Amino acid sequence: MAEQNSAWNGHLHSCLSTKIRLVVMSVLWFAGGCGGEDRGADENLDVRIEFTVTAGGLPYQCGHVVDNLGKEGAALAITDMRFYIHDVRLINGQGEAQPVTLVDDGVWQKDGVALLDFEDGCANGTRQLNSRVQGQSVDGSYTGIQFRIGIPNQLNSPRTVLENRGSPLNQASLFWSWRSGYKFMRVDTDSDSFRFHLGSVGCDDDFNCRFENIPTITMSGFEWQTQVVDLDIDHLLEETNVGENTDGTAPGCMGDPDDPECRGIFARLGLGTAETTAFSVRAK
Ligand SMILES: [Ca+2]
């Protein structure tokens, strides 16, 4: 009986070992398959798209005072300047858009989202900077670009736990604990009465939002090898009185389209009927 048990145990052990090996091999095969999906079969073009931010006609510098900002010409230091983008596409001469598959890099890119970070920790941000997104696309000649600002709605949630998200989706300073969901773009100043945080607003528990506030930026005449995408803060704020906040509203613009401080900024980002004028194409 003991021998039978031993034989049976031996058979069970051997059988389990085989099964475990098969499971491990399947997992490895599956993981390899998943890794392979990062780069689509036809995606053999390595793409690097560079961004700049301009303020007062000069490259943006964290904490430096910019004169003549907004409708009334205020002087403010801009102390945070970060935004997420996703759904990056290059557009060819026939008007066809090819996705750029962003590579997870453990810091700036994850799950198809990239964080562009132009502040160096002069106030509440981080020392690290990032001004480019990297990925793969289908080989070809491209003359335009499209991308969306923010986080895809399916990655956003009032219950999002940042600790489990990985960088760059784990930044507490880019999350609205008081209203839920991510801050898609964060522009702070040294004035308590003006800051601009873009995000989805009016969302229910399933994150169906009255205003998703995810702008789509499309630009023609863009060649990624020789040109950059520039965000001009002067243009972003030019229709807004940044020196004074409307009574009874959040300081500056916190994503509510009905807030007078949001109207001009939303129009400049192409939210609504206008095309963006805050973003433009510049030579490298
Ligand atoms: Ca930073």
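Residues numbered from 1 in each chain as written. Predicted model: local features only at pLDDT ≥ 70, side-chain atom pairs only at ≥ 80, totals over all residues.

Caption draft 1: Here's a closer look at the overall build of the protein. On a plain count of helices and strands, the protein comes out with 3 helices and 17 strands. In the protein, buried positions account for 35% of the 284 residues. Sequence-distant contacts in the protein: of pairs separated by 6 or more residues, those separated by 24 or more amount to 70%. (Helix = DSSP H or I, 4+ residues; strand = E, 2+ residues; numbered from the N terminus. Buried ≥ 20, exposed ≤ 12 C-beta atoms within 10 Å, placed from the backbone. Contact = placed C-beta atoms within 7 Å.)

Caption draft 2: Just the confidence of the model for the protein, in detail. Confidence in the prediction for the protein averages 87 pLDDT; 85% of positions are at 70 or higher. In the model, residues 1–16 has pLDDT below 50 throughout and makes 0 contacts with residues more than four positions away in sequence or in other chains. (pLDDT = per-residue confidence, 0-100.)

Caption draft 3: Just the pairing of strand 10 (residues 142–149), in detail. By the bridge criterion, 6 bridges tie strand 4 (residues 74–92) to strand 10 in an arrangement that is antiparallel. Its bridge partner being in strand 10, Asn 92 is matched across the sheet by Tyr 142. In this sheet, strand 15 (residues 216–220) lies alongside strand 10 in antiparallel orientation, the contact comprising 5 bridges. When the bridges of strand 15 are listed, Gly 144 appears paired with Ser 220. (Pairing = 2+ DSSP bridges.)

Caption draft 4: Unusual backbone geometry, seen in detail. Cis peptide bonds are those with omega within 30 degrees of zero, and the linkage from Ser 167 to Pro 168 qualifies with 10°. As for its placement among the helices and strands, Pro 168 is situated in the loop between strand 10 and strand 11 (185–189). Even without being glycine, Asp 87 reaches a positive phi, approximately 55°. Take Asp 87: it is sitting in strand 4. In this structure, Phe 207 takes a positive phi of about 60° despite not being glycine. Among the residues examined, Phe 207 registers 18 C-beta atoms within 10 Å and is labelled partly exposed.

Caption draft 5: Representation of helix 3 (residues 260–268) in the model. Those residues of helix 3 not exposed but buried are Glu 261, Cys 262, Ile 265, Phe 266 and Arg 268. For helix 3, the arc enclosing every buried residue in end-on projection is 155°, short of the 170-degree limit, so these residues lie on one face. For helix 3, the elements touching its buried residues are strand 12 (195–198) and helix 2 (233–237). Just downstream of helix 3 lies Gly 270, where phi reads positive at about 80°. (Arc of directions from axis to C-beta.)

Caption draft 6: Structural context of the pairing of strand 12. Alternating positions in strand 12 separate into two faces, Arg 195 and His 197 on one and Phe 196 and Leu 198 on the other, with burial throughout. Relative to strand 12, strand 11 runs antiparallel, the two being bridged by 4 bridges. In the strand pairing of strand 12, Asp 188 is matched with Arg 195. The turn linking strand 11 back onto strand 12 is made up of 5 residues.

Caption draft 7: Molecular detail of the environment of Asp 188. Following the sequence through the fold, Asp 188 ends up in strand 11. Between the C-alpha atoms of Asp 188 and Cys 62, which are 126 residues apart in sequence, the distance is 10.0 Å. In this view, Asp 188 contacts Thr 79, Asp 80, Ala 123 and Arg 195; residues no more than four positions away in its chain are not counted.

Caption draft 8: Highlighting the nonpolar core. Grouped together as the largest cluster of nonpolar side chains are 58 residues, with contacts concentrated most on Ile 78, Tyr 84, Ile 85, Ala 114, Phe 184, Ile 233 and Ile 265. It is strand 4 that contributes the most residues to this core, 9 residues altogether. For Ile 85, the residues in contact, after removing those within four places along its chain, are Ala 114, Leu 116, Val 133, Phe 147, Arg 148 and Ile 149. (Core = buried A, V, L, I, M, F, W, Y, C linked by C-beta atoms within 7 Å.)

Caption draft 9: Quick peek at the environment of Gly 57. In this structure, Gly 57 sits in the loop between strand 1 (45–55) and strand 2 (58–59). Between the alpha carbons of Gly 57 and Asp 234 there is a distance of 8.0 Å; along the sequence they are 177 residues apart.

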